[in-house]
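One letter stands for each residue in the lines below.
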Amino acid sequence: MNVLVTGGTGYIGSHTCLALLDAGYTPVIYDNLSNSSIKVLDQLSKISSHTFDFIEGDIADSKKLKATFEQYNIEAVFHFASLKAVGESTEQPLSYYRNNVAGTVTLLETMQSCGINKIIFSSSATVYGDPQYLPIDEQHPITATNPYGWTKVMVEQILVDWCKTDYQHLAIALRYFNPVGAHPSGLLGESPNGIPNNLMPFIAQTAVGKREFVSIFGNDYNTKDGTGVRDYIHITDLAAGHVAAFSTHQNDSGSLVYNLGTGKGYSVLEIINAFSESANIEIKYKFAPRRAGDIASNFADASLAKKNLGWTAQLNIEAMTDDTWHWQSKYPNGLE
Ligand code: NAD
Ligand code: UDP
């Protein structure tokens, strides 16, 4: 089965392409390269000995999407393409609504006109806002605290409404917790442009000397050591979660939602310590004020995915920091 992977040269999309290929699907990659490198394609080929078909295109380009759907006889879409920087989204909300929301509407309209009924969407645990209880299950109310988060809430709602219009429509929203790590080969990983917003890439860049120290945003939270607690999930497990969700439900219909997390929370200090051990380097850090909008703790109840999909995260925090270090030390400047 040929499937389209929008955002397929990005961090999560590229790893998922490998998992899809392993599972017997043929992913066709569609990306406008606004936040990824064309060199990802060479890395994917090195790892898999497979040449992935690639279309440089934007999800807003209905004509190009339609031509791609028809050329490759696409049967389902894995939709990763999105802008994802929370801070930037508060400065340029309209770009975020246009790219993430309007772009998804164009994608769905084009799918519909081509008779494609199945979409797997990259949502986020950000839709839970400041958790009312922990661990967070899929029934937890959803909300947002910034435009990026609202784009995820809005697209989830659009998918619910879209599924109501045709009994053949299938939409699976996967709510990721904190994706980290890299492919175990060290050939593929995350390389954010500019100064990383997220903790793991910041630590990794500190370890290779690109950053002087890690600022820990807050040490007075009501957590085990005062620093923020998150549910970090290895990118390989996250990719496997997509395959599990699709292979379980590919003949079903309706709108579905799953948390993809480990169910375990680690503090910022625990992550820094784990990384220091993986890299055998002391990671310098300083305590800094809390970051605006941050929450104390966040971790998943991932039991629905276990029950329905037979999926659980396999890799522990050591694998996450080992693989991040392997990638970062091999490619300190990413693929560029
Ligand atoms: P990424 O930026 O590495 O990948 C996104 C890809 O989409 C990039 O290759 C970019 O070039 C492409 N893209 C963006 N807009 C596009 C458009 N209009 N048309 C075509 N391509 C476009 O990000 P990622 O970390 O791999 O995230 C993938 C998805 O998962 C996103 O939807 C993101 O919001 C979601 N998500 C990410 C995280 C995380 O921490 N990384 C957490 C939760 C959810
Ligand atoms: N964090 C930090 N320093 C950084 C980046 C992040 O202390 O340079 C903390 C942040 O406050 C949170 C955790 O690390 O407690 C994870 O942050 P990240 O931005 O990676 O993910 P998110 O906030 O989206 O869960």
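Remember, it's a predicted structure, so these values are computed and weren't measured experimentally. Residue indices begin from 1 for each chain and proceed along its sequence in written order. Labels follow written order: the first chain is A, the first ligand is 1, and so on. Note on the predicted model: pLDDT of at least 70 is required for a residue's local features to be given, and 80 or more for side-chain atom pairs to be given and counted; whole-chain, interface and lining totals, by contrast, use all residues. Side-chain metrics in this entry use all non-hydrogen atoms of the structure; hydrogen atoms and water are not considered.

**Student:** Teacher, can you tell me more about the site of ligand 1 here?
**Tutor:** Any residue with at least one heavy atom within 4 Å of a molecule or strand is counted as near it. The immediate surroundings of ligand 1 are formed by 26 residues, with I12, D31, N35, S36 and Y148 found nearest. For this analysis, a polar contact is any N or O atom pair within 3.5 Å, provided that within protein one partner can donate a hydrogen and the other can accept it, and provided that sequence-adjacent residues contribute only side-chain to side-chain pairs. In this structure, an oxygen atom belonging to ligand 1 sits 3.3 Å away from a main-chain N or O atom of G10. One of the backbone N or O atoms of I59 is found 3.0 Å from a nitrogen atom in ligand 1. Residue exposure ignores everything except the shown protein chains as possible cover, and the areas themselves are Shrake-Rupley values with a 1.4 Å probe. Coverage of ligand 1 by the protein amounts to 95% of the 830 Å² it exposes when considered alone. Secondary-structure elements contributing two or more residues to the shell around ligand 1 are α1 (11-22), β5 (118-124) and α6 (147-164). Numbering of helices and strands runs from the N terminus, with a helix taken as a DSSP run of H or I at least four residues long and a strand as a DSSP run of E at least two residues long. Here the shell around ligand 1 takes three residues from β5, the largest share from any one element.

**Student:** Before we go on, may I ask you to explain the side chain of D237 in this structure?
**Tutor:** Looking at where D237 falls in the secondary structure, it is placed in helix α8 (residues 235-249). For D237, the side chain forms a polar contact with the main-chain nitrogen of L315, separated by 2.8 Å. When residues no more than four places from it in sequence are discounted, the contact partners of D237 are W311, T312, A313, Q314 and L315. Here, two residues are considered to be in contact whenever any of their heavy atoms come within 4.5 Å of each other.

**Student:** Looking at this structure, I do not really get the site of ligand 2. What am I missing?
**Tutor:** Neighbouring ligand 2 are 13 residues; L199, S215, R230, R291 and D294 lie closest to it. At 2.9 Å, a backbone N or O of L199 approaches an oxygen atom of ligand 2. For ligand 2, an oxygen atom lies 2.8 Å from a polar atom in the side chain of R291. For ligand 2, the protein covers 87% of the area, taking 520 Å² as the surface of the free molecule. Looking at the shell around ligand 2 element by element, the count peaks at three residues for strand β8 (residues 214-217). Across the shell around ligand 2, the residue classes tally to five nonpolar, five polar and three charged. Charged means Asp, Glu, Lys or Arg here, nonpolar means Ala, Val, Leu, Ile, Met, Phe, Trp, Tyr, Cys or Pro, and polar covers whatever is left, Gly included.

**Student:** What exactly am I supposed to notice about the packing of aromatic side chains here?
**Tutor:** The description of two aromatic rings rests on the distance between their centres and on the angle between their planes. The aromatic pairing rule takes the rings of Phe, Tyr and Trp, using the six-membered ring of Trp, and pairs them if the centres are within 6.5 Å, calling planes under 30 degrees apart stacked, those over 60 edge-to-face and the rest tilted. Taken as a whole and judged by the stated rule, the model has six aromatic pairs. For the ring pair F78 and F246, a centre distance of 5.3 Å and an interplane angle of 75° mean the geometry is edge-to-face. You can see F78 sitting in strand β4 (residues 76-79) and its partner F246 sitting in helix α8, a full 168 residues away along the chain. Residue burial is assigned from relative accessible area. The probe radius is 1.4 Å, only protein chains are included, and a residue is buried under 20% of its type maximum, exposed over 50%, and partly exposed in between. Assessed through its relative accessible area of 0%, F246 is described here as buried.

**Student:** Explain empty space enclosed by the protein here, please?
**Tutor:** Over the atoms rolls a probe the size of a water molecule, and its path tells where empty space is left. Computed over the protein atoms alone on a 1 Å grid, cavities are sets of points where a 1.4 Å probe fits but cannot get out and pockets are open sets with protein on both sides within 12 Å along at least five of seven lines; a residue lines them when it has an atom within 4 Å of a point. Grid points are joined across faces, edges and corners, and a volume is the space filled by probe spheres set on the points. Summed over the entire model, instances satisfying the criterion amount to two cavities of 30 Å³ or more. Approximately 70 Å³ is the volume attributed to the largest cavity. Only α7 (199-207) and α11 (317-330) provide two or more residues apiece to the lining of the largest cavity. Residue classes in the lining of the largest cavity are distributed as six nonpolar, three polar and one charged. There is about 40 Å³ of room inside the second largest cavity. Surrounding the second largest cavity, E156, L159, V160, A171, A173, S255, L256 and V257 form its lining. Where the lining of the second largest cavity is concerned, the elements lending two or more residues are α6, β6 (170-176) and β11 (254-260).

**Student:** Would you mind going over the layout of surface pockets with me for this structure?
**Tutor:** Estimated volume of the second largest pocket: approximately 160 Å³. For the lining of the second largest pocket, the elements supplying multiple residues, two or more each, are α1, α2 (40-48) and α8. Sorting elements by how many residues they give to the lining of the second largest pocket places α1 first, with five residues.

**Student:** I'm lost on the nonpolar core in this one. Help?
**Tutor:** In this text, buried Ala, Val, Leu, Ile, Met, Phe, Trp, Tyr and Cys residues form a nonpolar core when linked through side-chain atoms within 4.5 Å. Counting 39 residues, the largest nonpolar core has F78, L174 and L260 as its most contacted members. Elements supplying a minimum of two residues to this core: β1 (2-6), α1, α2, β4, β6, α8, β11 and α10 (303-309). Sort the elements by how many residues they give to this core and α8 lands first, with seven residues. With residues up to four places along the chain from it excluded, the contact list for L174 reads I120, F121, S122, S123, S124, H242, A245, Y258 and L260. Residues V28, L65, I74 and V155 belong to the second largest nonpolar core, which totals 24 residues.

**Student:** Any chance you could explain the pattern of salt bridges here in plain terms?
**Tutor:** Any two side chains of opposite charge can pair, on the condition that their charged atoms come close. Here a salt bridge means any side-chain nitrogen of Lys or Arg lying within 4 Å of a carboxyl oxygen belonging to Asp or Glu. Under the definition given, this model contains eight salt bridges. R290 is the salt-bridge partner of D220, the closest N and O atoms lying 3.0 Å from each other. Taken as a pair, D220 in the loop between β8 and β9 (229-230) and R290 in the loop between β13 (285-288) and α10 lie far apart in primary sequence, 70 residues in all. The class for R290 is partly exposed, based on a relative accessible area of 44%.

**Student:** Can you help me understand the side chain of K152 in this one?
**Tutor:** Tracing the backbone shows K152 in helix α6. The charged-residue count follows a simple rule in which Lys and Arg add positive charge and Asp and Glu add negative charge, with His and chain termini not counted at all. Of the side chains with opposite charge, E156 lies nearest to the buried K152, which makes no salt bridge, at 8.6 Å. In contact with K152, not counting residues within four places along its chain, are S82, F121, S122, S123, S124 and V127.

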